[in-house]
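Below are the chains, spelled out letter by letter.
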Amino acid sequence: MTAIEVHNLTKRYGGFAALSGLTFRLEEGNVVGLLGENGSGKTTLLKILAGVSRPFEGEVRVGGHAPGPESKAITSFLPDQSFLDDGLRIEAAAQQYADFFADFNRAKFDDLLGFFRLEPRMKLSALSKGMREKAQIALAMSREAKVFLLDEPISGVDPAARDVILRAIVRHLEPDSLVLLSTHLIADVEPVLDRVVMMRYGQVLVEGAVDDLREQHGKSVDALFREVYQWA
Amino acid sequence: MEFDSSSPIWLQLVGECSRRIVTGEWPAGSRLPGVRDLGVELGVNPNTVQRAMAELDRQSITVTDRTKGRFVTDDVARIDELRAQVATAHADEFVRRALGLGMTAERAVQLISNRWRAMEGESA
């Protein structure tokens, strides 16, 4: 089933088009990397898909719904910036999530906390950057959502933590859900991705299955990305 | 596991699983870990693992039972054949490099038997 469908999407900030006639479609059961330089429109796109940025021009469908309450109910969005109150303990943050989202699965959350070696009693303000990112990933990935939108989930954390976070993302992957994660650290995420969407200037530059791209070009998607962005 | 950057990841997974089977890490007739567990262990997308598993099934290196899961074949001859296949690929790589260094076949064979004696008993 199609999880995300975007047709001719344009988003303007004043006279500047952050997204310009973007068109693509993503099927459920995939982990998709949204790649691009700073300013290529990744965050803008994720915010529109998450239903937190309006207005826009063009067609957007998330799980068959236009961005709104119905699409939000099946979408778990992890924004780039921290959204949690520093004074909370992990336990209380989980309670907030459970109160807010009917599909929050406490068993999954506890499993991920254990996987990350985090304690429910830890205070968010006492967590390192990597631990905090892990706590946020645990919250976001513990919803029984159909679409997970993760904005730069591994930037700013050390390589060992990145590795654990990526494993956690595939740990509870359901065949009928989609994970779309933006990053510029392609080499790290490449093995966990099914597909990539490479963006530049608010448009899709290259789109395809990771292993098909590796086979066609005889190089990693990371190397392809560097090449593509040189001649683009 | 580290992936080399030039070939598809699913093919490298087929190689890794074959290695585990011929070295006995996954013995003949034993049950394979689930696709998701392997994905988490190797840091790889489960769909990619699934694609590699389908290839192992296709090559009759593994067999899938709808209810019980996936097993390494208990056909020891098939595993021997796979061992020869894996070893041949490594041998080809050695020959290619030896040729590149301008070695003759005799010298290369001599080198291998010397090194074999020197390294025998070390764990692989």
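Residues numbered from 1 in each chain as written. Chains lettered and ligands numbered in written order. Predicted model: local features only at pLDDT ≥ 70, side-chain atom pairs only at ≥ 80, totals over all residues. Heavy atoms only, no water.

Visitor: In this structure, what is going on with the overall build of chain B? I would like to understand it.
Guide: Regarding its fold elements, chain B presents five helices and two strands. Reading the secondary structure of chain B in the N-to-C direction produces α-α-α-β-β-α-α. Compactness check: chain B gives a C-alpha radius of gyration of 17 Å against a globular reference of 14 Å for 124 residues, more than 25% above the reference. Taken over the C-alpha atoms alone, chain B extends approximately 55 × 30 × 25 Å along its principal axes. Burial analysis of chain B (124 residues in total) assigns 33% to the buried set. If you take every contact in chain B between residues at least 6 apart in sequence, the share linking residues at least 24 apart comes to 49%. For chain B, the computed accessible surface area is about 7800 Å², with 55% contributed by carbon and sulfur atoms. (Helix = DSSP H or I, 4+ residues; strand = E, 2+ residues; numbered from the N terminus. Rg over C-alpha atoms; globule rule 2.2 N^0.38 Å. Buried < 20%, exposed > 50% of the residue type's maximum accessible area, 1.4 Å probe, protein only. Contact = heavy atoms within 4.5 Å. Areas by Shrake-Rupley, 256 points an atom, 1.4 Å probe, with all protein chains shown as cover.)

Visitor: How should the environment of Glu190(A) be read in this particular structure?
Guide: Residues and elements named next belong to chain A. Tracing the chain through its elements places glutamate 190 in the loop between helix 7 (186-189) and strand 8 (195-200). Accessibility expressed as a relative area gives 4% for glutamate 190, which makes it buried. For glutamate 190 and leucine 180, which are 10 residues apart along the polypeptide, the C-alpha to C-alpha distance reads 13 Å.

Visitor: Would you explain helix 3 (residues 46-58) of chain B in this entry?
Guide: Working note: α-helix, 3.6 residues per turn, so residues spaced by three or four point in the same direction. Between the first and last C-alpha of helix 3 of chain B there are 18 Å, a value that for 13 residues agrees with the 18 Å anticipated at 1.5 Å per step. All of the buried residues in helix 3 of chain B are Pro46(B), Thr48(B), Val49(B), Ala52(B), Met53(B), Glu55(B) and Leu56(B). Lining the buried residues of helix 3 of chain B we find helix 6 (159-171) and helix 8 (210-217) of chain A together with helix 1 (9-22), helix 2 (35-42), strand 1 (62-65) and strand 2 (69-72) of chain B. With a side-chain oxygen positioned 2.7 Å from the backbone nitrogen of Asn47(B), the residue opening helix 3 of chain B is Asn45(B). Following helix 3 of chain B by one or two positions, Ser60(B) has its phi on the positive side, about 55°. (Expected span 1.5 Å × (residues − 1). Polar contact = N/O pair within 3.5 Å; in protein donor to acceptor, adjacent residues only side chain to side chain.)

Visitor: I would appreciate a short explanation of unusual backbone geometry in the present structure.
Guide: In terms of backbone geometry, most residues other than glycine have negative phi values and most peptide bonds are trans. Residue and element names in this part refer to chain A. Following arginine 54, the chain continues into proline 55 via a peptide bond in cis, with omega recorded as -5°. Its location among the elements puts proline 55 in the loop between helix 1 (42-50) and strand 4 (57-62). If you check the backbone angles, asparagine 8 has positive phi at about 55° while not being a glycine. Along the chain, the position of asparagine 8 falls in strand 1 (residues 2-13).

Visitor: Teacher, can you tell me more about the sheet that holds strand 1 of chain A here?
Guide: Two strands in a sheet stick together by hydrogen bonds in their backbones, pointing the same way (parallel) or opposite ways (antiparallel). All names here are of chain A. Taken together, the three strands give an open sheet; going across it, the order is 2-1-4, and neighbouring strands pair in antiparallel fashion. With one partner strand each, in any of the chains shown, strand 2 (16-27) and strand 4 form the two edges of the open sheet. The average angle at which neighbouring strand axes cross in this sheet is 15°, direction not considered. (Pairing = 2+ DSSP bridges. Axes fitted to C-alpha atoms, helices over the stretch in contact; angles between N-to-C directions.)

Visitor: Would you take a moment to explain the domain arrangement of chain B for this structure?
Guide: Reports of interface size often rely on the accessible area that becomes lost once the parts have come together. Residues and elements named next belong to chain B. Here chain B is described as being made up of domain 1 (9-75) and domain 2 (77-123). The centre of domain 1, based on its C-alpha atoms, is set 26 Å off from the matching centre of domain 2. Contact with domain 1, which involves 10 residues of that partner, is made by seven residues of domain 2. Counting the surface lost from both domain 1 and domain 2, the interface buries some 770 Å², and carbon and sulfur atoms represent 65% of this. (Domains from an automatic or database assignment. Buried area = accessible area lost by both parts, 1.4 Å probe.)

Visitor: Sorry if this is basic, but what is going on with the interface of chain B and chain A here?
Guide: Counting residues at the interface gives 21 residues for chain B, matched by 22 residues for chain A. Where chain B abuts chain A, roughly 1600 Å² becomes buried across the two surfaces, and 46% of that area is made up of carbon and sulfur atoms. A per-residue breakdown of the area chain B buries against chain A is headed by Arg36(B), Val40(B) and Asn45(B), which together make up 33% of the total. Here chain B is connected to chain A by zero salt bridges. (Salt bridge = Lys/Arg side-chain N within 4 Å of Asp/Glu carboxyl O.)

Visitor: Even after reading the chapter, I still don't get the packing of aromatic side chains, so can you show me in this structure?
Guide: How two aromatic rings sit relative to each other is set out by the distance from centre to centre and by the angle between their planes. Residue and element names in this part refer to chain A. Per the counting criterion, the structure on display carries five aromatic pairs over all chains. Ring centres of phenylalanine 104 and phenylalanine 109 lie 5.6 Å apart, and the angle between their planes is 50°; on these two criteria the pair is classed as tilted. By relative accessible area, phenylalanine 104 is classed as buried at 11%. Chaining the aromatic ring pairs together yields one cluster made of Tyr97, Phe100, Phe101, Phe104 and Phe109. (Phe/Tyr/Trp six-rings, centres within 6.5 Å; stacked < 30°, edge-to-face > 60°.)

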